[in-house]
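# Secondary and tertiary structure notes
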Amino acid sequence: MITRFLLILAVIGICFYSINYIRRQPPEEQKKLWWKAGLLGGGATLALLAFTGKLHWVGLLIAAVVPLFKSLLSLATRTMPVILPWMQQKAQQKNQQARSTNTEHLQFVVDKNGDMGGMVLKGALSGKQLKDLTEPQLLEFLQQCRPCRDSHDVLVAYLNRYHPHLLKRKNSGATHTDLTESQALQILGLSTGASKDDIATAHRSLIQKLHPDRGGNDYLAAQINAAKDLLLTKR
């Protein structure tokens with residue numbers, strides 16, 4: 001009777017000490033220690049039941065499997081940090097291949113949410129992301145992509161999503177009343193508070209690049225002129 005009482009006290013003391021010890025450890029270590037404590041506690045309980053003759057044959061089978069399970073768990077803990085990054089890299093490569101389109105001028109990507117983006121591969125804007133380009137730069141890049149149908153088509157799809165006002169039909173007769181001041185500033189690459197001289201300089205620089213006589217088209221020139229007219233009327 002006294003032996004059993006002392007054994008119970010010893011078990012309680014060990015449990016109390018173990019719990020306090022685990023709680024004092026860093027959070028990333030606690031999970032491992034709780035697993036080990038659970039396995040050791042379960043093994044000790046099975047051993048006690050076997051010693052007292054109260055362990056069923058099923059319990060003996062479980063007791064035999066526990067060490068094997070522990071070994072497999074230890075092996076998985078050691079190998080997962082190596083295998084998991086490899087699996088994630090393969091999955092990422094597969095997703096990227098399914099969503100990416102490379103053309104002569106553009107690397108075009110559509111993510112899992114349907115958001116579009118891409119990087120310029122050729123020309124003065126090479127290496128820049130589409131989302132970082134100003135509207136004048138987008139117009140310039142659109143003109144650059146015209147000889148390559150694939151590049152032109154994917155860029156038009158991007159502009160149609162994020163800058164639809166740049167793709168109005170050529171015969172729509174664009175005037176400054178079609179634009180807001182914010183859009184006009186974006187087209188000329190200017191910020192709020194630009195002076196008349198800033199507007200004239202930006203207009204002259206763009207029209208020289210995108211004028212129909214220099215390989216541009218009437219619509220792009222009309223957009224630039226409309227933006228200039230709108231901003232000058234507000235100065």
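What comes next is a walk through the structure.

## Some thoughts on helix 5 (residues 149-162)
Every α-helix winds through 3.6 residues per turn, so residues three or four apart in the chain are directed the same way. End to end, helix 5 covers 20 Å across 14 residues, agreeing with the expected 20 Å (1.5 Å per residue, within 8%). Along its buried surface, helix 5 packs onto strand 2 (106-110), strand 3 (116-120) and helix 4 (135-145).

## As for the environment of Leu230
Here Leu230 shows up in helix 8 (residues 218-233). Note on Leu230: relative accessible area 6%, which makes it buried. Sequence-wise, Leu230 and Glu181 are 49 residues apart; in three dimensions their C-alpha atoms are separated by 7.0 Å.

## A short note on the pattern of salt bridges
Throughout the structure, instances matching the rule amount to 4 salt bridges. Across the salt bridge formed by Lys122 and Glu104, the nearest N and O atoms sit 2.6 Å from each other. Of this pair, Lys122 sits in the loop between strand 3 and helix 4 while Glu104 sits in the loop between strand 1 (100-102) and strand 2, placing them 18 residues apart in sequence. For Lys122, a relative accessible area of 38% gives the class partly exposed. The partly exposed category is assigned to Glu104, whose relative accessible area is 45%. A salt bridge links Lys131 to Asp132; the shortest N-O distance between them is 3.5 Å. Taking relative accessible area as the criterion, Lys131 reaches 65% and is therefore assigned exposed.

## A few points about the sheet that holds strand 2
Pairing between the strands of a sheet is mediated by backbone hydrogen bonds and can be parallel or antiparallel. Spatially, 1-2-3 is the arrangement adopted by the 3 strands of the open sheet, whose pairing is antiparallel. Because the sheet does not close on itself, it has two edges, and the strands there are strand 1 and strand 3. Each strand of the sheet is rotated relative to its neighbour by a mean of 15°, with strand direction disregarded. The pairing of strand 2 with strand 3 spans 5 bridges and is classified as antiparallel.

## Quick notes on the packing of helix 4 against helix 7 (residues 196-210)
As a packed pair, helix 4 and helix 7 sit with axes 10 Å apart at the nearest point and diverge in direction by 10°. Relative to helix 7, the element helix 4 is oriented roughly parallel. Touching Pro136, Leu139, Glu140 and Gln143 of helix 4 are Leu206, Lys209 and Leu210, all from helix 7. Per-class residue counts for the contact of helix 4 with helix 7 are 4 nonpolar, 1 polar and 2 charged.

## Topic: the packing of helix 4 against helix 6 (residues 181-188)
Between helix 4 and helix 6, the shortest axis-to-axis distance is 5 Å and the interhelical angle comes to 55°. Viewed along their axes, helix 4 and helix 6 adopt a mutual orientation that is oblique. Contacts between helix 4 and helix 6 involve Glu135, Pro136 and Leu139 from the first element and Gln183, Gln186, Ile187 and Leu188 from the second. Split into classes, the residues belonging to the contact of helix 4 with helix 6 amount to 4 nonpolar, 2 polar and 1 charged.

## Considerations on helix 6
Among the residues making up helix 6, those that are buried are Ala184, Leu185, Ile187 and Leu188. For helix 6, the angular spread of the buried residues around the axis is 160°, confining them to a single face.

Basis of the calculations
- Residues numbered from 1 in each chain as written.
- Predicted model: local features only at pLDDT ≥ 70, side-chain atom pairs only at ≥ 80, totals over all residues.
- Heavy atoms only, no water.
- Helix = DSSP H or I, 4+ residues; strand = E, 2+ residues; numbered from the N terminus.
- Expected span 1.5 Å × (residues − 1).
- Contact = heavy atoms within 4.5 Å.
- Buried < 20%, exposed > 50% of the residue type's maximum accessible area, 1.4 Å probe, protein only.
- Salt bridge = Lys/Arg side-chain N within 4 Å of Asp/Glu carboxyl O.
- Pairing = 2+ DSSP bridges.
- Axes fitted to C-alpha atoms, helices over the stretch in contact; angles between N-to-C directions.
- Parallel < 35°, antiparallel > 145°, perpendicular 65-115°, else oblique.
- Nonpolar A, V, L, I, M, F, W, Y, C, P; charged D, E, K, R; others polar.
- Arc of directions from axis to C-beta.

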